[in-house]
Amino acid sequence: MTTVHADRTGRPDRTGYPVPRPDEAHWPGLATPPRAPFRARVAEAVFRHAVAPLPIRVVLPDGAVLGSGGKSAPVMRLVRPSAVFARLGADAKIGFGEGYLTGDWTTGAGTDLADLLSAFAARVARLVHPALQRLRRVVERTQPAHEENTKENSRGNISRHYDLSNELFEHFLDETMTYSSAWFEPGDDLSTAQLRKIDGILDLARGRSGMRVLEIGSGWGGLAIRAARERGAHVTTLTLSSAQQKLARERVAAAGLGDLVDVRLQDYRDVTGRFDAVVSVEMIEAVGERFWPTYFRSLDTLLAPGGRVGLQSITMPHDRMLATRRSYGWIHKYVFPGGIIPSLRAIEDNLVAHSGLSIVERRELGPHYAQTLALWRERFLANWSRLEGAFDETFRRMWEFYLAYCEAGFRVGYLGVSQLGLARRPTW
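Quantities reported herein were computed from a predicted structural model and do not represent experimental measurements. (Residues numbered from 1 in each chain as written. Predicted model: local features only at pLDDT ≥ 70, side-chain atom pairs only at ≥ 80, totals over all residues. Heavy atoms only, no water.)

**Things to note about the packing of aromatic side chains**
This structure, assessed with the given rule, holds 34 aromatic pairs. The lysine or arginine in question, R269, covers the ring of F291, its NZ or CZ lying 5.1 Å from the ring centre. Above the plane of the ring of Y100 lies R397, whose end atom (NZ or CZ) is 4.2 Å from the centre. (Phe/Tyr/Trp six-rings, centres within 6.5 Å; stacked < 30°, edge-to-face > 60°. Lys NZ or Arg CZ within 6 Å of the ring centre and 35° of its normal.)

See the structure below:
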């Protein structure tokens, strides 16, 4: 395993909480809070107003408590309040998460991070006064040009996440190596729930023996293996991650399915031919709004007459998508560069405008994703000792925050996930 970040965990501060010291070489600019006193004072005032009605307890070093939560409420402990407010003042969407990475704030003893973040997520649209929200376009960062998902940039964006190391993902995913929402029924373990999800997408695409199936977004080959082994399909599956392609090919070979599965390092925009079914599981989030028309045209062009598409997509409310689609947040900077989550309306509008396809079946799995993420975070933290030689403490806090942050969004319904069956609209 390749070392990604050298460990430089700092000593506990006077509160007894560990204070990570990000390595400047690997985390440039993170260790030192921004210097903008006026913006920090404004951020502090906004933060105090925003948390006042929340069912949490925000504890300051002097023992003062903000928020409306009782003794059993989730606790957010401000270890270095001035640094927290400086980061929020510089960029609230990025600074809040960065404060957790650096240990400027942490959770209280006994508080689950996702419980705390859920309190914020449930009121995210109302945390900031509407008058201040109108200033969003002035103060918020926008997506850097080099992260826009052109053909030239997409591979780099994907590599930054999926090429971290296959071992990282192996230590929190289940044995199917499936990195998307599962579909749980009572008594399911994670692997069983993931196979049910895969079968659900293949059912929507009407995948069966002898069919030519195109998968846009391979992951580590779990769906392709299932489609070939259980349904006898011939699968062409695409990824832009060299690490994913390597392990997916190894898994396909180990399953004895090399004659049925072709794992390609290829952009969906470069595929030619026709396929009886097309499947794409949580890949659309990495397409980028500018390229949604291209993506849906590709689905239509690559689908043979009479074929079906099985599409799984994370979604968000349309009004929130419109409000945030130009902004650059913590997830973009640290986890998924170039990403944007569509709304169901945006999917429907793009299907109408740029394809002959329409949604004919729909299944909602939002609460299932919250459960999936909780299990991933549990497994990640339980297996951290096997990873800490390759990743540092700042990375651990980053990955924990990412999983808890997403779990909170699905818990409160700010985020959803849909399995969609697409078919061509009648021409009469």
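**Details of the nonpolar core**
A general trend in soluble globular proteins is that nonpolar side chains are found buried together. Membership of the largest hydrophobic core comes to 102 residues, with the highest contact counts inside it found for W105, L168, Y179, Y295 and W399. The element that contributes the greatest number of residues to this core is helix 17 (residues 393-411), accounting for ten residues. With 23 residues, the next largest nonpolar core counts I198, I201, A224 and A227 among its residues. (Core = buried A, V, L, I, M, F, W, Y, C linked by side-chain atoms within 4.5 Å. Buried < 20%, exposed > 50% of the residue type's maximum accessible area, 1.4 Å probe, protein only. Helix = DSSP H or I, 4+ residues; strand = E, 2+ residues; numbered from the N terminus.)

**Observations concerning the sheet that holds strand 5 (residues 212-216)**
Strand order in this open sheet of seven strands is 7-6-5-8-9-11-10, and the pairing throughout is mixed. Strand pairing shows two members of the sheet lacking a second neighbour, strand 7 (261-265) and strand 10 (357-364), which therefore form its edges. Strand-to-strand twist in this sheet, taken as the mean axis angle between neighbours without regard to direction, amounts to 20°. Helix 9 (residues 190-204) rests against strand 8 (275-281), strand 9 (303-315), strand 10 and strand 11 (416-424) of the sheet, and its axis sits at about 145° to strand 9. The strands touched by helix 10 (residues 222-231) within the sheet are strand 5, strand 6 (234-239), strand 7 and strand 8, with strand 6 carrying the most contacts at an inclination of about 175°. (Pairing = 2+ DSSP bridges. Axes fitted to C-alpha atoms, helices over the stretch in contact; angles between N-to-C directions. Contact = heavy atoms within 4.5 Å.)

**Thoughts on the pairing of strand 8**
Most of strand 8 is tucked away: six of the seven residues are buried. Pairing between strand 5 and strand 8: three bridges, direction parallel. Pairing of L214 across the sheet is with V278, part of strand 8. By the bridge criterion, six bridges tie strand 8 to strand 9 in an arrangement that is parallel. For F275, the partnering residue across the bridge sits in strand 9 and is L303.

**Here's the deal with the confidence of the model for the protein chain**
Considering every residue of the protein chain, the mean pLDDT works out to 91; 91% of them sit at 70 or more. For residues 1-17, every residue scores under 50 in pLDDT, and the model assigns this stretch 49 contacts once sequence neighbours within four places are set aside. (pLDDT = per-residue confidence, 0-100.)

**Re the environment of E348**
Mapping E348 onto the fold places it in helix 15 (residues 344-354). For the pair formed by E348 and G307, sequence separation is 41 residues and the distance between their alpha carbons is 18 Å.

**Considering helix 1 (residues 37-51)**
Here helix 1 is 15 residues long and its end C-alpha atoms lie 21 Å apart, about the 21 Å a rise of 1.5 Å per residue gives. Taken together, the buried positions of helix 1 are occupied by A40, A43, F47, A50 and V51. The arc that holds every buried residue of helix 1, seen down its axis, measures 90°, which confines them to one face. Exposed side chains of helix 1 directed beyond 90 degrees from the buried face belong to F38, R41 and H49. (Expected span 1.5 Å × (residues − 1). Arc of directions from axis to C-beta.)

**Concerning unusual backbone geometry**
The phi dihedral of R206 is positive, around 60°, even though this residue is not glycine. Of note, E282 is a non-glycine position whose phi angle comes to about 50°, a positive value. On the secondary structure map, E282 appears in the loop between strand 8 and helix 12 (292-302). When its relative accessible area of 13% is taken as the criterion, E282 is described as buried.

**Regarding the pairing of strand 6**
Within strand 6, five of the six residues are buried, which leaves it mostly tucked inside the rest of the structure. Two elements, strand 5 and strand 6, share five bridges in a ladder whose sense is parallel. In the sheet register, V213 faces strand 6, and the bridge partner there is V235. Of the crossover connections in this fold, the one passing from strand 5 over helix 10 to the parallel strand 6 is right-handed. With five bridges connecting them, strand 6 and strand 7 associate as parallel partners. Bridge pairing in strand 7 places T239 opposite L265. (Right-handed = clockwise from strand over helix to strand, strands pointing away.)

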